[in-house]
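# Overview (structure and organization)
This is what each chain is made of:
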Amino acid sequence: MSDAITVSAPISGTDRTLTFEAGKLAQLADGAVVAGIGDTVLLATATAARSAREGADFFPLTVDIEERTYAAGKIPGSFFRREGKSSDQAILTCRLIDRPLRPSFPKGFRNEVHIVGTIFGADQQNPHDVLAINAASAALMISGIPFDGPIGAVRVAYTTDGGWIPHPTFEEGDDSTFELVVAGRALSEAGDAEVAIMMVEAGGSERSFQFYEEGAPRVTEEVLAKGLEAAKTWIRESIVLQRRLVEAFVAARGPIATIDYSTHGDYEDDVWARVEAIGTDPVAQANRTVSKAERNAGLEAATASIQDALSGEFAGREGEIKAAVRALTKKLVRKRIIEEGVRIDGRTTTEIRPLSAEVDLFTTAHGSALFQRGETQVLNVTTLGMPRMNQMLDTITPDDSKRYMHHYNFPPFSTGETGFMRGPKRREIGHGLLAERALLPVVPYEEDFPYTLRLVSDVLASNGSTSMASVCGSSLSMMAAGVPLKAPVAGIAMGLVHEDDAYVTLTDILGAEDAFGDMDFKVAGTKDVVTALQLDTKIDGLPLDVLTKALLQAKEARLQILDVMASAIPGPRPEVAASAPKILSFEIPLEKIGEVIGPKGKVINALQTETGADIAVDDDGMVGTVTIGAKDGAAVEEARRRIATILDPPLAEVGTTYDGKVVNITKFGAFVNILPGRDGLLHISKIGQGRRVERVEDVLSLGQSVEVRVDDIDPQGKVSLSLASAPAPADDGGVPRSEGRAERSERARSPRGGANPASPASSFEDAFEAQLEQEFGNLGPATSEAPTRPSGGGRGGRRRR
């Protein structure tokens, strides 16, 4: 086995180390690197095909993350007990890796490339997603695959003290107000080289608004710009370490040979020259059409006329002509924006398309909303459920469940196309998680609003930034459902066109502007703070002043959208919808959980059957939580009242008659429930009313209603019962037990009515046996080996359990 080549370096500002190792594992892959932070360890491999697939007109890069549950010391919870489809977190990690790596391959490179990250160790402290980006880049650097790297990545967290910390642990991330995942590359090989930011994924923490209320600095656009600048320090550290790995690898194994490859252009220069000459005017004219459908029809007509005009000159090269027309379209769109400040649909660079918002589209839904921006239209529906509907997570991270879920659907008809619908694709999962992250900071905490929330965004029409429209629709539908959001959230997608030294930022980009521009920048937030951010750039570096301007321009647009949303619904409704379940949650002592649930769940099942409410009991090891839910609020209140009587049961009164129910049968008698949380013993000797009963079951059955009288309550609260139809027994002093406890206590203090000091009836058991002897005579010992009772009145035999 080959020796490993290892490099490591401390992560500045932390007590941890970043490590890369190569040359030992997966030696048949083109490149393989084991990376680690703490005890989180993963293997990243890079493999490329040696030739392009015939007819391939795109770069086929595939990224997969294999989350092995053994990494966290777990066995998969599925029926087959092995890993299955990728988790949402794994898919998001794949996208995080793909986005900064894809632009770093040569233009026109068509060979298939496969990046695989396999998680070997998950220490439940250090996340593996950012580590996987760095490892994938390092694997490509030693693979011989053409790659303009290295790419460095870091997660930074904004603390409640207003500082940025690198590579936060899960706990540090939860205790912060905001997290940024940033990836970039160095523009030179100098140790202090400028870093070009290529990708950003960010969002606020679940408790961020609580931290704001406690005095933590708010995450504004200016704070984010400084955070992106601060992240460059740790990106640079990763890049330097990857270069050290390459140097050590070359020193040990020799030079890294680049694989043979060729780039494939979409068209040749001669085709481009002719298309530009005859197609500029018709393409420019078509691009001035505002409507997407009409514009696309105009471009198709222009393309067809150009192909007809050049078909004889370039026979068999129709694909090149079509690609050249698309390139010409991109050139003309960008030129008009730079030179005239006018966009495809005639808007200025800061103008938003027409906005509309409405709520309550469906009476059966708990909350529904329709949000439209230009030709982008998204329907969002909120559904509220009991806490038991929380999504269980079978992952290798500390998270084991989630109560707020956002699902995003993008059907083909939303773009006027046909296609297959076979479940959510990676893009749909990623967009859903982005919208989920944008709303998470304003969702009420579970202790304040004990509902499970599922939001579904159905894209009905798409022409730019459906994910941000989903954010707006989510806020509207949750407020319509009565979810007490801390503040409404809106989102906007920004673009950028860069030519020479000019940077033009675009507000509310169209789908075509996303494709033809140099940046896709999505920002979501309230009127005061940013809650989520996603950035992808195609250029080398984004100056801080340009980025700050884009953030501030996005805020202006966000405030306009929030005003339109407020006109539809100004705030959360005071109560949940009539069709939604009514849920009540309260804490109980741990020791009372068993009483609420009952043996084998008998108590809680009976409560649910009799009240019609859904009842769940949970605990965190410190305190128990009872959650009651039902569509009928009266059922919730009745269940709460009954549980309250179990927690603090009413006291039975001696001599009082109760309508009870047999809840348990033993050899020596039956236990009868006479009050909520209060059972008493009806001894077998009292069941026959003067005749001997061999088996309790001969007279009573489980669930049978029976009228009983309380004969005695011992100091430990144990209740002795008799049938109400039997004569009230007298105690050892001749006092009828039907008298109240106060009368009996007073008589006990009287010289004439006092208890006989010599009487052995100093406990419930002794009194009961004395009564049996008085009524039936001496029945003899329970067994032939029963010990003799000591003279002091103590009871021999086994201790009661």
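Residues numbered from 1 in each chain as written. Predicted model: local features only at pLDDT ≥ 70, side-chain atom pairs only at ≥ 80, totals over all residues. Heavy atoms only, no water.

### Some words on the overall build of the chain
- For the chain, the count of helices and strands is 17 helices and 29 strands.
- Here the C-alpha radius of gyration of the chain, 37 Å, is well above what a compact globule of 801 residues would show, namely 28 Å.
- Overall size of the chain, expressed as C-alpha extent along the three principal axes, is 125 × 65 × 50 Å.
- The proportion of buried residues among the 801 residues of the chain is 50%.
- Counting contacts in the chain only where the partners sit at least 6 residues apart, residues at least 24 apart contribute 69% of the total.
- Positive and negative side-chain charges of the chain, numbering 86 and 113 respectively, have mean locations separated by a distance of 4 Å. (Helix = DSSP H or I, 4+ residues; strand = E, 2+ residues; numbered from the N terminus. Rg over C-alpha atoms; globule rule 2.2 N^0.38 Å. Buried < 20%, exposed > 50% of the residue type's maximum accessible area, 1.4 Å probe, protein only. Contact = heavy atoms within 4.5 Å. Lys, Arg positive; Asp, Glu negative; His and termini not counted. Charge placed at Lys NZ, Arg CZ, Asp CG, Glu CD.)

### What about the sheet that holds strand β1 (residues 5–10)?
- Ordered by their spatial adjacency, six strands build an open sheet running β1-β2-β3-β4-β6-β5, and the pairing between neighbours is mixed. A single partner strand is all that each edge strand has here, and the edge strands are β1 and β5 (61–67). Taking each pair of neighbouring strands and ignoring which way they run, the sheet shows an average axis angle of 15°.
- As judged from the nine bridges shared by strand β4 (residues 40–52) and strand β6 (residues 111–121), these two strands associate in the antiparallel manner. Considered in β6, the bridge of L43 is made with T118.
- Seen against the sheet, helix α2 (residues 129–141) touches β2 (17–22), β3 (31–37), β4, β5 and β6 and runs at an angle of roughly 40° to β4. (Pairing = 2+ DSSP bridges. Axes fitted to C-alpha atoms, helices over the stretch in contact; angles between N-to-C directions.)

### Points about helix α12 (residues 544–568)
- Given a rise of 1.5 Å per residue, 25 residues ought to cover 36 Å, and the 37 Å separating the end C-alpha atoms of α12 matches this to within 8%.
- Among the residues of α12, V546, L547, T548, A550, L551, Q553, A554, A557, R558, I561, L562 and M565 are the ones counted as buried. (Expected span 1.5 Å × (residues − 1).)

### Digging into unusual backbone geometry
- Residue G149 is joined to P150 through a cis peptide bond whose omega torsion reads 0°.
- Mapped onto the elements of the fold, P150 is located in the loop between α2 and β7 (152–158).
- A positive phi angle is found at D508, which is not glycine, with a value near 60°.
- Mapped onto the elements, D508 comes out in the loop between β19 (502–507) and α11 (511–516).

### Considerations on the pairing of strand β27 (residues 678–683)
- With respect to burial, β27 is a largely interior element, five of its six residues being buried.
- Joining the antiparallel neighbours strand β26 (residues 669–675) and β27 is a turn of two residues, in which G677 adopts a positive phi near 80°.
- Sheet topology places β27 next to strand β29 (residues 719–723); two bridges connect them, and they run parallel. Counted as the bridge partner of L681 is S720 from β29.

### Regarding a negative patch on the surface
- Where like charges cluster on the molecular surface, the negative patch consists of E171, D174, D175, E206, D399, D400, E446, E587, D618, D619 and D620.
- Those elements that place two or more of their residues in the negative patch are α3 (170–174) and β23 (614–619).
- Assignment of secondary structure puts E206 in the loop between β10 (195–204) and α4 (208–213).
- You can call E206 partly exposed: its relative accessible area is 39%. (Patch = residues over 30% accessible without salt bridge, like charges linked within 9 Å, V, L, I, M, F, W, Y side chains within 5 Å. Areas by Shrake-Rupley, 256 points an atom, 1.4 Å probe, with all protein chains shown as cover. Salt bridge = Lys/Arg side-chain N within 4 Å of Asp/Glu carboxyl O.)

### Some points on the packing of helix α7 (residues 292–310) against helix α8 (residues 318–340)
- Direction vectors running N to C along α7 and α8 enclose 135°, while the axes themselves pass 10 Å from each other. Considering their axes alone, α7 and α8 lie oblique with respect to each other. In this structure, the crossing between α7 and α8 has a hand that is right-handed. On the side of α7, the interface is formed by L299, T303, I306, Q307 and L310, while α8 contributes E318, I321, K322, V325 and T329.
- When the residues that make up the contact of α7 with α8 are grouped by side-chain class, the tally is five nonpolar, three polar and two charged. (Parallel < 35°, antiparallel > 145°, perpendicular 65-115°, else oblique. Left-handed = near helix turned anticlockwise from the far one by under 90°. Nonpolar A, V, L, I, M, F, W, Y, C, P; charged D, E, K, R; others polar.)

### Considerations on the environment of F449
- Tracing the chain through its elements places F449 in the loop between α9 (426–439) and β17 (452–461).
- Note on F449: relative accessible area 6%, which makes it buried.
- Spatially, the C-alpha atom of F449 lies 7.9 Å from that of V483, the residues being 34 residues apart in sequence.
- Every residue in contact with F449, bar those within four places of it in the chain, is listed here: L384, R403, P444, G482, V483, P484 and V576.

### Description of the packing of aromatic side chains
- In this structure the tally under the stated criterion is twelve aromatic pairs.
- When the ring of Y408 is compared with that of F410, the centres are 6.4 Å apart and the planes differ by 15°; the resulting orientation is stacked.
- A relative accessible area of 2% places Y408 in the buried class.
- Relative to Y451, the ring of F449 has its centre 4.5 Å away and its plane inclined at 35°; by these criteria the two rings are tilted. Neither residue differs from the other here; F449 and Y451 are each classed as buried.
- Taken together, the aromatic side chains of F59, F105, F109, F147 and Y261 make up a single cluster linked through ring pairs.
- Taking NZ or CZ as reference, R427 lies 4.4 Å from the ring centre of F410, over its face. (Phe/Tyr/Trp six-rings, centres within 6.5 Å; stacked < 30°, edge-to-face > 60°. Lys NZ or Arg CZ within 6 Å of the ring centre and 35° of its normal.)

### Considerations on a nonpolar patch on the surface
- Taken together, L25, Y70 and F120 make up a surface patch of nonpolar side chains, about 270 Å² in accessible area.
- As for its position among the elements, Y70 is in the loop between β5 and α1 (88–101).

### Here we look at the nonpolar core
- Counting residues in each nonpolar core, the largest one holds 141 residues, and the members touching the most others are F105, L180 and F521.
- Considering each element in turn, this core owes the most residues, twelve residues, to helix α5 (residues 221–253).
- In contact with F521, other than residues within four places in its own chain, are I492, A493, M494, L533, Q534, L535, L547, A550 and L551.
- A652, A670, I687 and L721 belong to the second largest nonpolar core, which has 22 residues in total. (Core = buried A, V, L, I, M, F, W, Y, C linked by side-chain atoms within 4.5 Å.)

### Considering α7
- The first and last C-alpha atoms of α7 sit 27 Å apart over 19 residues, in line with the 27 Å expected at 1.5 Å per residue.
- Every buried residue of α7 is listed here: R295, L299, A302, T303, I306 and L310. Seen end-on, α7 carries its buried residues on one side only, within an arc spanning 100°. Of the exposed residues in α7, those oriented more than 90 degrees away from the buried face are A293, E294, E300 and D308.
- Considering only its buried residues, α7 is in contact with α6 (269–286) and α8. (Arc of directions from axis to C-beta.)

### Some points on the side chain of S137
- Locating S137 in the fold gives a position in helix α2.
- You can call S137 buried: its relative accessible area is 0%.
- If we skip the residues at most four places from it in the chain, S137 touches L101, F147, P150, I151 and Q242.

### Details of the confidence of the model for the chain
- On average, residues of the chain carry a pLDDT of 88, and 91% of them reach 70 or more.
- Element-level mean pLDDT values for the chain span from 40 in helix α16 (residues 741–749) up to 98 in α2.
- Note on residues 737–762: pLDDT under 50 across the span, and 35 contacts to partners over four residues away in sequence or across chains.
- In the model, residues 779–801 has pLDDT below 50 throughout and makes twelve contacts with residues more than four positions away in sequence or in other chains. (pLDDT = per-residue confidence, 0-100.)

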